[in-house]
Amino acid sequence: QVQLEESGGGLVQAGDSLRLSCTASGRNFKPASMGWFRQTPGKAREIVAAIEWRGGDTYYVDSVKGRFTISRDKDKNMVFLQMTTLKPEDTAVYYCAPTSYMLATRQWVADENSWGRGTQVTVSS
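Described in the following lines is the structure provided in the data block.

Calculation notes
- Residues numbered from 1 in each chain as written.
- Predicted model: local features only at pLDDT ≥ 70, side-chain atom pairs only at ≥ 80, totals over all residues.
- Heavy atoms only, no water.
- Helix = DSSP H or I, 4+ residues; strand = E, 2+ residues; numbered from the N terminus.
- Rg over C-alpha atoms; globule rule 2.2 N^0.38 Å.
- Core = buried A, V, L, I, M, F, W, Y, C linked by side-chain atoms within 4.5 Å.
- Buried < 20%, exposed > 50% of the residue type's maximum accessible area, 1.4 Å probe, protein only.
- Salt bridge = Lys/Arg side-chain N within 4 Å of Asp/Glu carboxyl O.

Overview of the overall build of the protein
- For the protein, the count of helices and strands is 0 helices and 11 strands.
- Starting at the N terminus, the α and β elements of the protein follow one another as β-β-β-β-β-β-β-β-β-β-β.
- Taking 125 residues into account, the globule formula puts the C-alpha radius of gyration at 14 Å, and the protein, at 14 Å, falls close to it.
- Seen through its C-alpha atoms, the protein measures out along the principal axes to roughly 40 × 30 × 25 Å.

Written out as structure tokens, the structure is:
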């Protein structure tokens, strides 16, 4: 399976910015889409943003629209999440993974075998 490694998290104050990076190992990496997910203790993992690998179309959860930007570098097998105007509610462990959109259930489904260790983002007030 594809090995993923997330980085770029840290402890910041409300209003600050962070740039998360995700690197996929191997040369055979051609996902339909890549997504950023986040999770806090006691809550289910939720989709934050997704990007089509070929065309670059993007999706954002309502709570981050206008603040977060997802991008990718296909030559380097990397995905990025530029986060601005961070809020305490953004505090979570952030993960990247190949993902696809299921029209029947209107959900983004991630490849559970490709999760990295995640990177912690903590936003203080």
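So, the nonpolar core
- Formed by 33 residues in total, the largest nonpolar core has its most connected members in Met34, Trp36, Leu81, Met83 and Tyr94.
- Listing elements by their share of this core, those giving two or more residues are β3 (18–24), β4 (33–39), β5 (46–52), β7 (68–73), β8 (78–83), β9 (92–102) and β11 (119–124).
- Considering each element in turn, this core owes the most residues, 5 residues, to β5.

What to know about the pattern of salt bridges
- Counting across every chain of the model gives 4 salt bridges.
- In this structure, aspartate 62 engages lysine 65 in a salt bridge whose closest nitrogen and oxygen atoms are separated by 3.0 Å. The pair formed by aspartate 62 and lysine 65 is uniform in burial state, with each residue classed as exposed.

Keep in mind these numbers describe shape, not what the thing actually does.
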